[in-house]
Amino acid sequence: MNLLHIENLSIDLKTRSEPLSIVDRFSIRMGEGEALGIVGESGSGKSMLAMAIMGILSPKMTMKADYLSLDGEDLMKMEENDRQHYISSKASIIFQDPKSSLNPCFSIGSQLDETLSTHGIHTRSERKEKILSLLDSVGIYQPEKIISLFPHQLSGGMNQRVAIAIALACKPRLLIADEPTTALDVSIQSQILDLILELNKRDNVGIMLITHDFALLSENTDKIGVIYSGHMMEHAATKNILEDARHPYTRSLLNSVPQLGKRHTKGSRLYALDGQIPAIDKLPVGCRLGPRCPKAEKQCVNPPILHSIANHGKVRCHLADLKEQSSSKKNNHSVSGG
Amino acid sequence: MALLEIDNLSKNFISSTNWFGRASVIEANKNINLKLEEGKTLAIVGESGSGKTTLAKQIIGIEKPSSGVIKLDDQALRFNNRQDKRKRFTNIRMIFQDPYESLNPNVRIGHALEQPLIINTALTAKQRKQKISDTLIKVGMQSEHQYRYPHMFSGGQRQRIAIARAIILEPRVIIADEPLSSLDVSIQAQILNLMQTLQEEMGISYIFISHDLNIVEHIADSIMVMYRGKVVEQGNVSQIFDEPLHPYTQALFASTPIFRNRFPDFLQQGKRKPLTNEKASCVFAERCPYCEERCQSSSPPLIDVDDDFKIACFKFD
Amino acid sequence: MNSQSQFYLHTRIPSTFYLWWSHFKKNKLALVALVVFVLFALTAIFANIIAPHDPTAQFTEFVHLPPSWYDAGQTQFVFGTDYIGRDLFSRLVLGARLSLSLALVVVLLSSSIGIFLGVITSFSNFWLDALIMRIMDFILAIPSLILAVVIVAVIGPGLPNAIYAVALVLIPHFVLTTRTAIRQEKNKEYVTAMILDGASLPRLFFTTILPNILPPIVIQLTFAFSTAILEIATLGFLGLGAQPPFPEWGTILSESYNNFMFASWTVTIPGLAIFFTLLSINLVGDGLRDAMEIEKK
């Protein structure tokens, strides 16, 4: 059974004239306890996707999907209130900046207490016990001392741990982490990442790790999805992506990071895509990467579809397809992008 | 002769006076020495609170050093001296971290770029305009962009404009304070390439403040690792990256995914040891897995291992 | 970001002022208010052409003549006449000139002093700043109308004294607005960047800080203008400002106030004039605030 199953999820921004597409027909399946990485630049729609799954999109956005299920229940068939309740019992989200996701006016303990009481633990002593065990499970040393403190008295890393503890309060099956380490100091980043991944291994929680940094995903995820300008460009197992990326965008992302061990010599340059991600009101015709793509050809003015490639995964590129035909002739091009 | 030289620079902040009027002093920088050669890049690495930005502010001249000397071309730059100020402002320029903050939203790009020229050069209005166009083209923008406002540009383009502003006076040193950390990965590569091209064309020296070791290894010639205001390790890029010796440098490497398995001692960071004598001990003693008795009671000095490699740790006495 | 203009590089780049105006235009209510205000202003400027009669001329045969839309009214006196037969319309038109120009003088006086002090405090050392701000706090601590009344009571009633009093009351608001705006601006990175360009303090202020503190100051100006009109009229009504037979709006009200029971138009019409002027100015101010404080996308 799939933990998360999305078919053709689209998110649009309402405007006076035509709605603008932020995420276009996004499909994904996540198994129980899978760690999925979502990579994309700012403006690619990756955070909107997370919010859509959590049902917390701003009212300016509209969302539609052919099928959207979480832990086996079809969300699209539920009533508004039931859905929100169901999602909050099955999935949690942690954000980039722990300072802004915690309420500065309440102590850590009372914020956790509040969350637990909405999730059906009604006796005070039970909650207290639960709070201590939650804080302990996110690696906070001496939780009894922490519960009476306020967010501003803790460091960024500690706050992020508390935010994770709050996210875990409802025993989620799916934890969405939206750039969980970006706002933190270097030496703290790996600790927080380790913590999230430990939850994945220990409690079999499904993890969706949203980031712009491939380095975070390389050892830690089972699969990676690459989003560009609202389109899923490539979706495959982590190993396949890192070793044999098929989409020009994925390759450029991988190549534009300086490799450790390669030092600067005079005249050496990093690989960099020209230009920038298109604005959502000025999307290019055809492939959204088209104007920036180093390999673009005539046929790229026709929008490519996300199709499967044998022994790899799914790629949205005409050229990945051509290359594949020569090496392994007959594979079923089952269309799932629409 | 080094282009920029810093001797024993220290900066103390008096944080607050308590009820009895006794001030507590924070040592933001302590006894910092560095030399920067023409056309080279020095990277300063460390986490937030390590005093990187304070050091940059003193070099650039907006923060007065508590003690120590900053020399440009072997001549000391005094803090409150008109001539030295001008010399500093024209020879040492700065690129800020966030291009959304460093450009005035209500001023056209061309107007912002023109200011340093009006103040520091004797160019005519026509020459200034030409210079602005040339500089914009040099950083990969178009001459016509000078009539626009900052909000019409993306983050990467804004950082290009910020670089244009830094190079328009043809400086010899540019201090870049985390210039890439607010940009996307693919844009980071563009800006990094641009900075290298400019270095090769104009012979600029960079002081590159960053926490990203991948980028530092790519761009830097020498590296200075700072922790809580002190230099803990200083050396060539090859020395430091081939074999980081100081425990803090190792801790930094351990937090980079690719390197982490080389330093298994640091995987359980964050557990801090209580210190007996916090004032006197080594700055890193609290987090150091190799902390000994003497690290608690006294602070190791920065010793010269050879000409351009220095380390502050008792392990290497 | 505007990728379309990548291809049309020579298209005109709208200035900040144009952007403000184009946002202001979208607010229909504010636009109507602006038109109303411009009509009032034009009336004030061309008052002596518009007014059909001398505002102090007494038409003794037409005492308490109702406005022309009443059966007993005459077209000659559109808004009727008052208790000694003066034409109300002419008095209101000339009153508009008086009220608006007095308010303008008050705003110019208080804003120039207030903004100057605001700039001084935000660039001065701790003690001067503290001194000026405590004086401003002292002025703000007393209800503005009471303070104005006290001042006029001390230096004597009359139009010039009323102007000084109202101007003094308005100064602290300008000082506070300017100071807060500059304090916020001073910590911005682009100000640091400008200091690193070697800019002197005046250059720093005029090229970098001023364009960014303009919005709050302009908004403060509109609200100060409406406050000035109201306070001058109030002082006139209390008999502390303009003195009869001067056709000032507050004075007109106070003169007609006793005859309200049988000649209500002599009170309602001047009251409505004040009401609509203030409403239009405040709506324009609100529109300006919305237009100028939008996030630049």
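Thresholds, definitions, all that
- Residues numbered from 1 in each chain as written.
- Chains lettered and ligands numbered in written order.
- Predicted model: local features only at pLDDT ≥ 70, side-chain atom pairs only at ≥ 80, totals over all residues.
- Helix = DSSP H or I, 4+ residues; strand = E, 2+ residues; numbered from the N terminus.
- Buried ≥ 20, exposed ≤ 12 C-beta atoms within 10 Å, placed from the backbone.
- Contact = placed C-beta atoms within 7 Å.
- Pairing = 2+ DSSP bridges.
- Axes fitted to C-alpha atoms, helices over the stretch in contact; angles between N-to-C directions.
- Nonpolar A, V, L, I, M, F, W, Y, C, P; charged D, E, K, R; others polar.
- Domains from an automatic or database assignment.
- pLDDT = per-residue confidence, 0-100.
- Parallel < 35°, antiparallel > 145°, perpendicular 65-115°, else oblique.
- Left-handed = near helix turned anticlockwise from the far one by under 90°.
- Expected span 1.5 Å × (residues − 1).

Details of the overall build of chain C
Reasoning step 1: Scanning chain C for helices and strands turns up eleven helices and zero strands.
Reasoning step 2: Counted from the first residue to the last, chain C has its helices and strands arranged as α-α-α-α-α-α-α-α-α-α-α.
Reasoning step 3: For chain C, the spread of C-alpha atoms along the three principal axes comes to 75 × 55 × 25 Å.
Reasoning step 4: Buried positions account for 39% of the 297 residues belonging to chain C.
Reasoning step 5: Relative to all contacts within chain C whose residues are 6 or more apart in sequence, the contacts with residues 24 or more apart total 68%.

A few points about the environment of Ser308(A)
Residue and element names in this part refer to chain A.
Reasoning step 1: Examined against the element boundaries, Ser-308 turns out to sit in strand S12 (residues 307–309).
Reasoning step 2: Note on Ser-308: 18 C-beta atoms within 10 Å, which makes it partly exposed.
Reasoning step 3: Distance from Ser-308 to Ile-22, taken between C-alpha atoms, is 24 Å for residues 286 residues apart in sequence.

Section: the sheet that holds strand S10 (residues 230–236) of chain B
As a general point, the strands of a sheet are linked pairwise by backbone hydrogen bonds and lie either parallel or antiparallel.
Residues and elements named next belong to chain B.
Reasoning step 1: Taken in spatial order, the eight strands of this open sheet run S6-S7-S8-S3-S9-S10-S12-S11, and their pairing is mixed. Lying at the two open borders of the sheet, with one neighbouring strand each, are strand S6 (92–95) and strand S11 (303–306). Here the average twist between neighbouring strands, direction ignored, is 20°.
Reasoning step 2: Both S6 and strand S7 (residues 173–177) contribute to a ladder of four bridges, which runs parallel. Bridge pairing links Ile-95 to Ala-176 in S7.
Reasoning step 3: Sheet contacts for helix H5 (residues 155–167): S6 and S7; angle to S6, the most-contacted strand, approximately 175°.

Here's the deal with the sheet that holds strand S11 (residues 231–237) of chain A
Residues and elements named next belong to chain A.
Reasoning step 1: The eight strands are arranged S7-S8-S9-S3-S10-S11-S13-S12 in an open sheet whose pairing can be described as mixed. Looking at which strands have only one partner, the edges of the open sheet turn out to be strand S7 (91–94) and S12. Going across the sheet, the axis of each strand differs from the next one's by a mean of 20°, ignoring polarity.
Reasoning step 2: One ladder, built from three bridges, connects S12 with strand S13 (residues 313–315); its direction is antiparallel. If you follow Ile-309 over to S13, its bridge partner there is Gly-313.

Comments concerning the interface of chain A and chain B
Reasoning step 1: On the side of chain B, 30 residues touch chain A, which itself brings 30 residues to the contact.
Reasoning step 2: Every element with two or more residues in the side of chain A that touches chain B is listed here: helix H8 (186–203), helix H9 (214–217) and helix H11 (248–255) of chain A.
Reasoning step 3: Here the side of chain A that touches chain B is composed, by residue class, of twelve nonpolar, eleven polar and seven charged.

Things to note about unusual backbone geometry
Reasoning step 1: Positive phi values are uncommon outside glycine, yet Ser229(A) reaches one of about 50°.
Reasoning step 2: Note on Ser229(A): 24 C-beta atoms within 10 Å, which makes it buried.
Reasoning step 3: For Asn31(B), which is not a glycine, the phi torsion comes out positive at approximately 45°.
Reasoning step 4: On the secondary structure map, Asn31(B) appears in strand S2 (residues 23–36).
Reasoning step 5: Accessibility expressed as a C-beta count within 10 Å gives 17 for Asn31(B), which makes it partly exposed.

With respect to the domain arrangement of chain A
Residue and element names in this part refer to chain A.
Reasoning step 1: What the domain assignment lists for chain A is domain 1 (2–227) and domain 2 (248–259 + 270–327).
Reasoning step 2: Each of domain 1 and domain 2 was reduced to a C-alpha centroid, and the two centroids are 29 Å apart.
Reasoning step 3: Taken residue by residue, the interface counts eleven residues in domain 1 and eight residues in domain 2.
Reasoning step 4: When contributions to the side of domain 1 that touches domain 2 are tallied by element, the ones reaching two or more residues are strand S2 (20–31) and H9.
Reasoning step 5: Ranked by the residues each element gives to the side of domain 1 that touches domain 2, the list is headed by S2, at three residues.
Reasoning step 6: The residue makeup of the side of domain 1 that touches domain 2, split by class, is seven nonpolar, three polar and one charged.

Quick word on the environment of Phe106(A)
All names here are of chain A.
Reasoning step 1: Take Phe-106: it is sitting in the loop between helix H3 (98–101) and helix H4 (108–118).
Reasoning step 2: Residue class for Phe-106 comes out partly exposed when judged on the 14 C-beta atoms lying within 10 Å of it.
Reasoning step 3: The spacing of Phe-106 and Arg-202 is 96 residues in sequence and 30 Å in space, taken between C-alpha atoms.

What to know about the confidence of the model for chain A
Reasoning step 1: Taken as a whole, chain A shows an average pLDDT of 80; of its residues, 92% reach a score of 70 or greater.
Reasoning step 2: In the model, residues 324–338 of chain A has pLDDT below 50 throughout and makes 19 contacts with residues more than four positions away in sequence or in other chains.

Let's talk about the packing of helix H7 (residues 156–168) of chain A against H8(A)
Residues and elements named next belong to chain A.
Reasoning step 1: Where H7 contacts H8, the axes come no closer than 10 Å and their chain directions differ by 15°. The orientation of H7 relative to H8 falls into the category roughly parallel. At the point where H7 passes H8, the crossing takes the right-handed sense. In this structure, H7 uses Gly-156, Gly-157, Gln-160, Arg-161 and Ile-164 to contact H8, whose residues at the interface are Ile-188, Gln-191, Ile-192 and Leu-195.

Let's talk about the packing of helix H9 (residues 201–237) of chain C against helix H11 (residues 265–292) of chain C
All names here are of chain C.
Reasoning step 1: The contact between H9 and H11 brings their axes to 9 Å, and the two run at 170°. One finds that H9 runs roughly antiparallel with respect to H11. For the pair H9 and H11, the contacting residues are Pro-215, Val-218, Ile-219, Thr-222, Phe-223, Phe-225, Ser-226, Ile-229, Leu-230 and Ala-233 in the first and Ile-274, Thr-277, Leu-278, Ile-281, Asn-282, Val-284, Gly-285, Leu-288, Arg-289 and Met-292 in the second.
Reasoning step 2: Of the residues contributing to the contact of H9 with H11, the split by class is 14 nonpolar, five polar and one charged.

A look at helix H6 (residues 185–202) of chain B
Reasoning step 1: End to end, H6(B) covers 26 Å across 18 residues, agreeing with the expected 26 Å (1.5 Å per residue, within 8%).
Reasoning step 2: Within the sequence span of H6(B), burial applies to Val185(B), Ser186(B), Ile187(B), Gln188(B), Ala189(B), Gln190(B), Ile191(B), Leu192(B), Met195(B) and Gln196(B).
Reasoning step 3: Where H6(B) is buried, its residues touch H11 of chain A together with H5, strand S8 (205–210) and helix H7 (213–219) of chain B.
Reasoning step 4: Positive backbone phi, approximately 65°, marks Gly203(B), located one or two places after H6(B).

Some words on the pairing of strand S4 (residues 67–72) of chain B
Residue and element names in this part refer to chain B.
Reasoning step 1: Bridge count for S4 against strand S5 (residues 75–76) is two bridges, and the pairing is antiparallel. Across the sheet, residue Leu-72 finds its bridge partner in S5, namely Gln-75.
Reasoning step 2: The turn joining S4 and S5, which pair antiparallel and follow one another in sequence, is formed by two residues; a positive phi near 55° is taken by Asp-73.

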